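# Commentary on secondary and tertiary structure
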Amino acid sequence: MSEESQTEIARSCFLSTEQFAKLFEVLHALDYEVIGPTIDQAAIVYDRLTSVDDLPRGWTDIQEPGKYRLEKRGDDALFGYVVGPHSWKQKLFPPVSTLSVADRTDAGWQFTEPEQELPKFAFLGVRACELAALKIQDRVFIGGPYVDPSYQGRRNKALIIAVNCTQAASTCFCTSMNTGPRCKAGYDLALTELADGFVVEVATPEGEIVINALETQIATDENQRQAEAARQQAVDQITKTLDTTDIRDLLMSNLEHPQWNDVAERCLSCTNCTMVCPTCFCSSVEEVSDLTGDHVERERKWDSCFNVDFSYMNGGLVRNSIRNRYRQWMTHKLATWIDQFGTSGCVGCGRCITWCPVGIDLTREVAAIRETQT
Amino acid sequence: MGKPKLGVFKFASCDGCQLSLLDAEDQLLAVADAVEIRHFPEASSRMEAGPYDIALVEGSITTPHDAERIQQIRRDAKFLMTIGACATSGGIQALRNGADTAEFMRAVYASPEYIQVLDKSTPIAEHVKVDFELRGCPINQYQLIEVIQSLLAGRNPRTPRHSVCLDCKRRGTVCVTVAQGTPCLGPVTQSGCNAICPSYHRGCYGCYGPAAQPNLVSLSTHALNEGASAAEVSHNLRNFNVYAPAFRNESQRLTDQIKEQN
Ligand code: SF4
Ligand code: SF4
Ligand code: SF4
Ligand code: SF4
């Protein structure tokens, strides 16, 4: 739900692990399609869930630049991992979608909109940095004069069940970006996982409806203390930092810094960092017709500033080198985004670091520029 | 104007690319309707002489006879397009380039004196002007239809030059390199297959050749740092597009490195 509909002080309660399993039935009865963490392709991805058994019970992820591995935990935690290769943008801003369709008829061109019943999602397991990312994409897609109706429809219907991190990866730096690891706003329900259940914070009427359908108990002081300790564990595990002091001016006044050449030698311009980033929003729109030219579909696909042809303008490429493309990406994400949208484009989730095939770490690139700024 | 006349021609190749055209069953009737197929030995015994509006050329040039035949096809064709890795970069058979061809022949054939073959397997563009190169081993039928369609409509074809990685991410495939340590050429390979191999937990083999502005050195340096040997990394590049300059140069650089170390 949007932050505005969130009540001032979240009410909290305790939900046992057994009752949590019933959450799925409750959500399905309310016509939600539940999307959440599950193991697929050697990773914890976000996909459609049918029951509690689809969750990655007892698994965790080990992350470092360019590397991600699943590992068994010593317990039965359901949310004992950090963030993976997918993000919620996959569902709100699908990678490929048909925007409109046109058919040539005797009476002229007939235009139709393929949409569609918009899906009603319940997102289960949204982390603090991801709540911040949703807020950023809201600003991009529905915050200005040009509203994206598909995003808006999906977003307004979506129920957000957040989960507070109780551990962090070596790639996480939400504390530097002021986005986590504590979920503070932008959710309907927020869970903190304990050994025998969850402390639940209920923040909206939609969240109330769901939680009222389950048997809960009063959250005891002991429950609250344990939840606080579990959340503190994540804070303590965060080691990565990004010094954001005057970061906009730092980057914009160092556009010819030699570090851009250095990173260009390593960067593959492969687009992975932008694809996994929960705030990146670029796409291309093209018209695709059948052989006869009588049926045309307007397709929108995720695209990236690292795609060489993304900067093609009449007659040539504007960013015709890896150096220019990396610099474009980083200066937009960390500097000009602030001019454009009033916040940083980075929430510190670390995905671009983990999923870069050669392990390029933006925090190190910024640090290198800061150390030797010109 | 009548329908454009189409000819399909074959040089050293496995016929897989022509089969891709035949496989495009649902679209093939529409193609047959939109163009006049005058020469397509794989599909029909009807073979009519040029000129052709569109010539699709499969295969690489490996014999003196090939080298002459392509000249005539070029003279006969208004628009000449290569289809597949063989025609575009010399194919898997270009593995022999730089090796002793005569020795290979003695090893393989009982009477090598009957075989007339050039020293190298070379792409069509080394012999005649090529108007468009369609990549892939084999080509993607949808891309082929797309190019034919763009010719009919008089617009530019949509055959993107970005990496395979972008397609992996669009379809939600988890990166096999990052999550499983599997070597993958996807970051330096051009899109076209819709990232099929990683979706089956395999690394990309580079069937569509080098992506635009590929950074081969960084990819191999990273693989070496992760513990792969220079021989392995070089071997991965020596495939269907071994003779494509970016792959060829990097595999050569690694081979030279190995020699220096020994
Ligand atoms: S960046 Fe922070 S909020 Fe995001 S997953 Fe890591 S610890 Fe959790
Ligand atoms: S920074 Fe890494 S993930 Fe991003 S384009 Fe460069 S190589 Fe690819
Ligand atoms: S730039 Fe990287 S760390 Fe920042 S939000 Fe995007 S993926 Fe996460
Ligand atoms: S599996 Fe290969 S092609 Fe796909 S994202 Fe990873 S490196 Fe790129």
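Residues numbered from 1 in each chain as written. Chains lettered and ligands numbered in written order. Predicted model: local features only at pLDDT ≥ 70, side-chain atom pairs only at ≥ 80, totals over all residues. Heavy atoms only, no water.

Close to ligand 2 lie 13 residues; Cys267(A), Leu268(A), Cys270(A), Cys273(A) and Cys356(A) are nearest. For the shell around ligand 2, the class distribution of residues is 10 nonpolar, three polar and no charged. (Near = heavy atom within 4 Å. Nonpolar A, V, L, I, M, F, W, Y, C, P; charged D, E, K, R; others polar.)

Turning our attention to the sheet that holds strand S12 (residues 217–218) of chain A. All names here are of chain A. Taken in spatial order, the eight strands make up an open sheet running S3-S2-S8-S9-S10-S11-S1-S12, and their pairing is mixed. Of all strands in the sheet, those bounded by a partner on one side alone are strand S3 (43–48) and S12. Across three bridges, strand S2 (residues 33–40) lies against strand S8 (residues 121–126) in parallel orientation. In the strand pairing of S8, Ile35 is matched with Phe123. (Pairing = 2+ DSSP bridges. Helix = DSSP H or I, 4+ residues; strand = E, 2+ residues; numbered from the N terminus.)

Residue and element names in this part refer to chain A. You can read the domains of chain A as domain 1 (3–237) and domain 2 (247–371). Relative placement of domain 1 and domain 2: their C-alpha centres are 26 Å apart. Counting residues at the interface gives 43 residues for domain 1 and 42 residues for domain 2. Across the interface of domain 1 and domain 2, roughly 3500 Å² is buried in total on both sides, 59% from carbon and sulfur atoms. Our enumeration of links across domain 1 and domain 2 arrives at three salt bridges. Here Arg300 makes a salt bridge to Asp148, at a shortest N to O gap of 2.7 Å. Elements represented by at least two residues in the side of domain 1 that touches domain 2 include exactly strand S4 (59–64), strand S5 (67–72), helix H2 (89–92), strand S6 (96–105), helix H3 (128–142) and helix H5 (174–177). When its residues are assigned to classes, the side of domain 1 that touches domain 2 shows 23 nonpolar, 12 polar and eight charged. (Domains from an automatic or database assignment. Contact = heavy atoms within 4.5 Å. Buried area = accessible area lost by both parts, 1.4 Å probe. Salt bridge = Lys/Arg side-chain N within 4 Å of Asp/Glu carboxyl O.)

All names here are of chain A. Counted under the stated rule, the structure contains 20 aromatic pairs over all chains. When the centroid spacing of 4.6 Å and the interplanar angle of 35 degrees are considered together, the rings of Phe20 and Phe198 count as tilted. Taken as a pair, Phe20 in helix H1 (residues 17–29) and Phe198 in strand S11 (residues 197–202) lie far apart in primary sequence, 178 residues in all. By relative accessible area, which is 0% here, Phe20 ends up buried. Where Phe79 meets Phe198, the ring centres are 6.0 Å apart and the plane angle is 75 degrees; that geometry is what we call edge-to-face. One end of the pair, Phe79, is in the loop between S5 and H2; the other, Phe198, is in strand S11, and 119 residues separate them in sequence. Like Phe198, Phe79 is buried. Connected via pairs of aromatic rings, a cluster forms that spans Phe93, Phe141, Tyr151, Phe281, Trp302, Trp337 and Phe341. (Phe/Tyr/Trp six-rings, centres within 6.5 Å; stacked < 30°, edge-to-face > 60°. Buried < 20%, exposed > 50% of the residue type's maximum accessible area, 1.4 Å probe, protein only.)

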